[in-house]
Amino acid sequence: MVKKPFVTKEKLEEIAAQIPTPFHIYDEKGLRENAKAVQEAFAWNPGFREYFAVKANPNPTLIKLLGEYGFGCDCSSETELMLSDAMGFHGDKIMFSSNVTPASEYALAEKLGAIINLDDFTHIDFLEKTLGYIPETISCRYNPGGLFSISNDIMDNPGDAKYGMTTEQLFDAFRILKEKGAKRFGIHAFLASNTVSNEYYPALAKVLFELAVKLEKETGAKITFINLSGGVGIPYRPDQEPNDIRVIGEGVHKVYDEILVPAGMGDVAIYTEMGRFMMGPYGGLVTRAIHEKHIYKEYIGCDACAVNLMRPAMYGAYHHITVMGKEDQPCDHKYDVTGSLCENNDKFAIDRMLPKIDLGDLLFIHDTGAHGFSMGYNYNGKLRSAEVLLKEDGSFELIRRAETPKDYFATLDGTPEYRKMFGGE
Ligand SMILES: *Cc1c(COP(=O)(O)O)cnc(C)c1O
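Calculation criteria
Residues numbered from 1 in each chain as written. Predicted model: local features only at pLDDT ≥ 70, side-chain atom pairs only at ≥ 80, totals over all residues. Heavy atoms only, no water. Helix = DSSP H or I, 4+ residues; strand = E, 2+ residues; numbered from the N terminus. Contact = heavy atoms within 4.5 Å. Domains from an automatic or database assignment. Buried area = accessible area lost by both parts, 1.4 Å probe. Salt bridge = Lys/Arg side-chain N within 4 Å of Asp/Glu carboxyl O. Core = buried A, V, L, I, M, F, W, Y, C linked by side-chain atoms within 4.5 Å. Buried < 20%, exposed > 50% of the residue type's maximum accessible area, 1.4 Å probe, protein only. Axes fitted to C-alpha atoms, helices over the stretch in contact; angles between N-to-C directions. Parallel < 35°, antiparallel > 145°, perpendicular 65-115°, else oblique. Left-handed = near helix turned anticlockwise from the far one by under 90°. Nonpolar A, V, L, I, M, F, W, Y, C, P; charged D, E, K, R; others polar. Near = heavy atom within 4 Å. Polar contact = N/O pair within 3.5 Å; in protein donor to acceptor, adjacent residues only side chain to side chain. Areas by Shrake-Rupley, 256 points an atom, 1.4 Å probe, with all protein chains shown as cover. Lys, Arg positive; Asp, Glu negative; His and termini not counted.

As for its position among the elements, Val268 is in the loop between helix H9 (245–260) and strand S11 (269–272). Considering only alpha carbons, one finds Val268 and Phe48, 220 residues apart in sequence, at a separation of 9.0 Å. Excluding anything up to four places from it in sequence, Val268 contacts Asn45, Ile223, Thr224, Phe225, Ile226, Tyr256 and Leu260.

Written as structure tokens, this is what we have:
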């Protein structure tokens, strides 16, 4: 498939005249269409709710847009909880799927009425000591161990993951939580990441539904929701076939009817915590080529760096690049496309065949809507970029300004150096 940016070169130049590159841009139209498709794909389940994984893109304008479709927020830290609350998500619209959780964060989650999802067996005691009681609605995260495979394809390696409880612990946890007053139970599992396959959710659902039937039978705990969490992927590479959320929804429906309904559990709500699938394709990083370098390889240096998009440096992840205005030119030049960090892994692409790039060209780095801006950091004292929303009517809006040196140095306030740079007493 040809990967095309959702925005034209002319529009990007118009935006860049007001908001200097680099910036992340998001596509309202694509976001809305996808959110609607997710809602429709699971409409067969009356209790269905997608809790958007805030860590994937903590921009309030974008998250509130998803909120219009009835979605909630999935949080795992104090600031994500604070943001969700400030955006108007309350009570069971917040899922708190954390791990290695500080007591103060459990206390805040409970204060906001969030659904608490326990990552570990020892957190039962920890939570009870923190709150003084066990909430009536509670969820536990499951880790079946071993490898997670679908028809001989290894999807991921839960046995090597730090998350969740073993099967035995989960049964004990439900018994203990019930004794301590819990009344409504949930099960959660995240067993494979970025699955570009319509099979993942249905296969995970089968595991969790069978487990739920056993759990309810053996412990008497009333299971009211099953949380398939995240992991539904997107095609970063042009040769990948995108997931079809309607097929995924129907696949989950089928196992629901096969396993839960006959067990008298046809009232269980399905929850999801997708991040990547909700936003990934609807964001791009826009950067300008500012240097070229000819040594043992050909380099294009741009004004964005790994601080703005860490996935290539961190995981060697592929992000497609379009040279704006040169979509129809032959990809007959081999480049490393790099940022300015003093780190040799600061490369958006290695040995990538692209059209000839001239200084000043705008590059559109695809699929940065999730785990893009949010993974950013400040290495080399580099600043985080702006975020821009391309609206359905073609206009654009700055939805987060770029960081300034003053933001970067804010935590040094009170020092003589800060006063020297920014004045004040
Ligand atoms: C990261 C994460 C998600 C979202 O994952 P995606 O791959 O972006 O869909 C959901 N739930 C939890 C607990 C997570 O840690």
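To continue, consider the domain arrangement of the chain. According to the domain assignment, the chain contains domain 1 (27–280) and domain 2 (282–409). Centre-to-centre separation of domain 1 and domain 2, based on C-alpha positions: 32 Å. Listed as interface residues are 25 residues of domain 1 and, on the opposing side, 20 residues of domain 2. Carbon and sulfur atoms make up 53% of the area that domain 1 and domain 2 hide from each other, which totals about 2,100 Å². Counting the surface domain 1 buries against domain 2, the share from its top three residues, Glu28, Tyr236 and Gly280, is 28%. Taken together, domain 1 and domain 2 are joined by one salt bridge. The salt bridge partner of Arg32 is Glu392, with a shortest N-O separation of 3.6 Å.

Where a protein is soluble and globular, its nonpolar side chains tend to be buried together. With 89 residues, the main nonpolar core has Phe42, Leu177, Ile187, Tyr201, Phe209 and Met278 as its most contacted residues. For this core, the element with the most residues is helix H8 (residues 200–219), which contributes 10 residues. Excluding residues that lie within four positions of it along the chain, Tyr201 makes contacts with Phe42, Leu228, Ser229, Gly230, Val232, Ile248, Val252, Thr272, Glu273 and Met274. The next biggest cluster of nonpolar side chains, apart from the first, holds 16 residues, and it includes Leu285, Tyr335, Ala349 and Leu363.

It is worth spelling out the packing of helix H5 (residues 103–111) against helix H6 (residues 123–131) at this point. At a closest axis distance of 9 Å, the pairing of H5 and H6 adopts a crossing angle of 70 degrees. By the criterion of interaxial angle, the relationship of H5 to H6 is roughly perpendicular. Handedness of the H5/H6 crossing: right-handed. Mapping the contact onto sequence places Ala103, Tyr106, Ala107 and Glu110 in H5 and His123, Phe126, Leu127, Thr130 and Leu131 in H6. In the contact of H5 with H6, the residues fall into six nonpolar, two polar and one charged.

Taken together, 14 residues are adjacent to the ligand, and Lys55, Glu273, Gly275, Arg276 and His371 come closest. Between Ser229 and the ligand, the recorded distance is 3.2 Å, taken from a side-chain N or O atom to a nitrogen atom. One nitrogen or oxygen atom from the main chain of Gly231 is found 3.1 Å from an oxygen atom belonging to the ligand. Protein contacts shield 91% of the accessible area of the ligand, which totals 390 Å² for the unbound molecule. Here the shell around the ligand is composed, by residue class, of three nonpolar, six polar and five charged.

Our next topic: the side chain of Glu80. One can find Glu80 in helix H4 (residues 78–86). Notably, Glu80 is buried but unbridged: the nearest opposite-charge side chain belongs to Lys55, and the N-O separation is 7.4 Å. A distance of 2.8 Å separates the side chain of Glu80 from the backbone nitrogen of Ser76, its partner in a polar contact. Other than its neighbours up to four places away in sequence, Glu80 contacts Val54, Lys55, Asp74 and Cys75.

On to the environment of Gln240. Within the fold, Gln240 resides in the loop between strand S10 (223–227) and H9. Gln240 sits 83 residues away from Asn157 along the chain, and the two C-alpha atoms are 22 Å apart. Non-local contacts of Gln240, meaning those with residues more than four positions away in its chain, are made with Val196, Ile234 and Pro235. In this structure the side chain of Gln240 is engaged in a polar contact, spanning 3.0 Å, whose partner is the backbone nitrogen of Tyr236. Here the side chain of Gln240 touches Arg237 through a polar contact of 3.0 Å, landing on its backbone nitrogen.

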